[in-house]
Amino acid sequence: MFTRCERSLTLTQSLLINFLFLLFPVLIFLIFFENRQHTYNRYIIMLLASITMILCMVFPIKLKVGFIVDLRYIPFLISALFGGYKYTFPLYIVLNVFRFLIGGEGSFQSFIFSTVILILAPLLSKWFVKQNAKKRIISAVVVSFFTILLYLGSLAFVLPTLNKEFWMLSVQSLITYSLVMAVIMILIEQIIANKKARDSLMQSEKLNVMSDLTASVAHEIRNPLTVTNGFLQLLNKSKNITEEEKKYIEFSLIELKRAEGIVSDFLAFSKPQSENMIYSNLKDEIEYVKNIITPFANMYQVHIQCKFQNSLNIYYDKNQIKQCFINLYKNAIEAMKETGGILFINVSEKKNEILIKIKDTGVGMTSEEVLQLRRPYYSTKTEGTGLGMLMIYSSINKINGKIDVESEKGKGTTFTITIPVQD
């Protein structure tokens, strides 16, 4: 017979072994798969979570009455909170199939309980992923605490007697679930923060290099374009050329104009000009761009709704910021040109940050398309060069801002620009 101390030690050892199983997927993902594309990560995460759940069930805490307790629901809950139903349902199948293979008196209760979690936990997913790191950690700990509390309550309901072993298990399980969930979530959030910081640094370096190169190159290209454009216009007015030759000249002028437009996009990557620098709250630029883009919006039955509530001031190049907003509004309107819609513009302040939300009700983008937005020359439009989007990121990067994109195919896109305000 085990003494009380030996039973407590066995319980603690089982929980620690389960905790190690939970750490392995985090480390494996961090070492081998962190830099993989988003489309592959989903399957890797589900595979690692499935292996972890199975290992936790292979080495559980066994009660004398036949029921078992382990940490299998932690990867299940994390997948539900971060990924919703598309992540949770495959894990639900794995969990219950393996639990029935193990057998024992708790199989049916485990099936009922996991079904309840499958229905309820993913409902929090959309709210959960929008929170900051600290709130996500706290929320996950609270969810895990009440999950194991509900599980223990279901055990108490079917057990014939509630002895000291059960109460000791209950207290240790509640504490362990909460602590383990907190540790795992802290590690996950740190991985996410590190990846974002690395991506931001790499993007900033790319934009700085482009800023240094494109200004000088674009100026050198613009000079011969201007000369060529002038001579072609003079030649077009000549009476010694045929109509067919004039048509060729007109095509050349059109292409020259397009080339100048591309050069202008390149010039937008140049460093802010001192004569254009102002200290303001962006109100004039928001209103100016809204007024000049309104006729373009009217062409496609797009209504613009603008709300401005910001008193915080920052230093910025007004010309670059104007061009940045023009590109954003134009992209949003073109996403709604088939059916029309509403372009929402909301500028507000939050503590020491300016928040700019630009939302359309257009065609939207897939998650893969959103990830590609920062790539040079990538565009979702067949006739696009991709420079407009890159110019947006460049302009916001110069004022130390960041851009978050939320989009769903067929439902629209929201650009959220966060600009820090320094004293």
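The preceding data block contains the structure.
Since this is a predicted model, take the numbers as computed values, not measurements.

Participant: Where do I start with the packing of helix 10 (residues 283–299) against helix 11 (residues 318–334) in this structure?
Facilitator: How two helices sit against one another is set out by the angle between their axes and by the gap between those axes. Contact pair helix 10 / helix 11: the axes reach a minimum separation of 9 Å and the direction vectors enclose 35°. Note that helix 10 runs across helix 11; the crossing there is right-handed. Of the residues in helix 11, those in contact with Glu285, Ile286, Tyr288, Val289, Lys290, Ile292, Ile293, Phe296 and Ala297 of helix 10 are Lys318, Ile321, Lys322, Phe325, Ile326, Tyr329, Lys330, Ile333 and Glu334. Looking at side-chain class alone, the contact of helix 10 with helix 11 contains twelve nonpolar, no polar and six charged residues.

Participant: Help me understand the environment of Glu349, please; the structure alone is not making it clear to me.
Facilitator: Along the chain, Glu349 turns up in strand 6 (residues 341–350). Put simply, Glu349 and Asn310 are 39 residues apart on the chain and 5.3 Å apart in space, counted from C-alpha to C-alpha. With near-sequence residues (within four places) excluded, Glu349 lies in contact with Gln309, Asn310, Ser311 and Leu312. Among the polar contacts listed, one links the side chain of Glu349 to the backbone nitrogen of Ser311, at a separation of 2.7 Å.

Participant: Is there a simple way to think about unusual backbone geometry in this case?
Facilitator: Most peptide bonds adopt trans geometry, and most residues besides glycine take a negative phi value. With phi around 75°, Leu282 is a residue other than glycine that occupies positive phi space. Given a relative accessible area of 1%, Leu282 falls into the buried group. Phi is positive for Gln301, which is not a glycine, with a value near 55°. Note on placement: Gln301 falls in the loop between helix 10 and strand 4 (302–309).

Participant: Honestly, the side chain of Arg72 in this entry has me stumped. Any pointers?
Facilitator: Structurally, Arg72 is set in the loop between strand 2 (68–69) and helix 3 (73–83). Not counting residues within four places of it along the chain, the set of residues in contact with Arg72 comprises Met53, Cys56, Met57, Leu95, Arg99, Ser110, Tyr151 and Tyr177.

Participant: Sorry if this is basic, but what is going on with the nonpolar core here?
Facilitator: A general feature of soluble globular proteins is that nonpolar side chains tend to end up buried together. Counting 42 residues, the largest nonpolar core has Phe325, Leu328, Tyr329, Leu343, Ile354 and Ile356 as the members making the most contacts within it. Among the elements that make up this core, the one with the highest residue count is helix 11 (eight residues). Excluding its chain neighbours within four sequence positions, the residues that come into contact with Ile354 are Leu282, Asn310, Leu312, Ile314, Val347, Ser348, Ile417, Thr418, Ile419 and Val421. One finds Leu23, Leu71, Tyr73 and Ile148 within the second-largest nonpolar core, a separate group that totals 41 residues.

Participant: Help me out: how do you make sense of a nonpolar patch on the surface in this one?
Facilitator: A contiguous nonpolar surface patch, about 960 Å² in accessible area, is contributed by Tyr85, Phe100, Phe108, Phe111, Ile112, Val116, Ile119, Leu120, Leu123 and Leu150. Elements with a minimum of two residues in the nonpolar patch: helix 4 (85–102) and helix 5 (107–120). For the nonpolar patch, the element with the most residues is helix 5, which contributes six residues. The topology assignment puts Ile119 in helix 5. Exposure remark for Ile119: the relative accessible area of 47% places this residue in the partly exposed category.

Participant: I keep staring at the pattern of salt bridges and nothing clicks. Help me out?
Facilitator: When the charged atoms of two side chains lie near each other, side chains of opposite charge can form a pair. Within this structure, the stated rule accounts for four salt bridges. With its nearest N and O atoms 2.8 Å apart, the salt bridge here joins Lys330 to Glu334. On the criterion of helical spacing, the pair formed by Lys330 and Glu334 is a turn pair, its members being four residues apart in helix 11. Note that Glu369 and Lys409 form a salt bridge whose closest N and O atoms lie 3.6 Å from each other. With Glu369 in helix 12 (residues 367–371) and Lys409 in the loop between strand 8 (402–408) and strand 9 (412–420), the pair connects residues that are 40 residues apart, well separated along the chain. On the basis of relative accessibility, which here comes to 52%, the residue Lys409 falls in the exposed class.

Participant: What is the right way to read helix 11 from this model?
Facilitator: Between its first and last C-alpha atoms helix 11 spans 24 Å; for 17 residues at 1.5 Å apiece the expected length is 24 Å, and the two agree. By the burial criterion, the buried members of helix 11 are Gln320, Ile321, Cys324, Phe325, Ile326, Asn327, Leu328, Tyr329, Ala332, Ile333 and Glu334. One side-chain oxygen at the N-terminal end of helix 11 lies 3.0 Å from the backbone nitrogen of Asn319; it belongs to Asp317.

Definitions and limits used
- For every chain, the first residue of its written sequence is number 1, and the numbers climb from 1 along that sequence.
- Under the rules for a predicted model, residues below a pLDDT of 70 receive no local features and side-chain atom pairs below 80 are neither given nor counted, while totals for whole chains, interfaces and linings still include all residues.
- With hydrogens and water excluded, all non-hydrogen atoms of the structure serve as input to the side-chain values.
- An axis is simply a line fitted to the C-alpha atoms; with a helix, the fit covers only the stretch in contact. Between two such axes, the angle follows the N-to-C directions and lies from 0 to 180 degrees.
- Note on conventions: DSSP H or I runs of at least 4 residues are helices, E runs of at least 2 residues are strands, and numbering of each starts at the N terminus.
- We call a crossing left-handed when the near helix sits turned anticlockwise from the far one by less than a right angle, and right-handed when that turn is clockwise.
- The criterion used for residue contact is that any of the two residues' heavy atoms lie within 4.5 Å.
- Residue polarity follows a fixed list, in which Ala, Val, Leu, Ile, Met, Phe, Trp, Tyr, Cys and Pro are nonpolar, Asp, Glu, Lys and Arg are charged, and the others, Gly among them, are polar.
- By the criterion applied in these results, polar contacts are pairs of N or O atoms within 3.5 Å in which, for protein atoms, one can donate a hydrogen and the other can accept it, and in which residues neighboring in sequence qualify only through two side-chain atoms.
- Residue exposure (1.4 Å probe, protein chains only): buried if accessible area is under 20% of the type maximum, exposed if over 50%, otherwise partly exposed.
- Residues belong to one nonpolar core when they are buried, are Ala, Val, Leu, Ile, Met, Phe, Trp, Tyr or Cys, and are joined through side-chain atoms within 4.5 Å.
- Residues enter patches when they are more than 30% accessible in relative terms and free of salt bridges; like-charged ones are connected within 9 Å and nonpolar ones (Val, Leu, Ile, Met, Phe, Trp, Tyr) within 5 Å.
- Values of accessible area rely on a 1.4 Å probe in the Shrake-Rupley scheme; residue burial ignores everything except the protein chains shown.
- The rule for a salt bridge is simple: a side-chain nitrogen of Lys or Arg has to be within 4 Å of a carboxyl oxygen of Asp or Glu.
- Each helix should span, by expectation, one fewer than its residue count multiplied by 1.5 Å.

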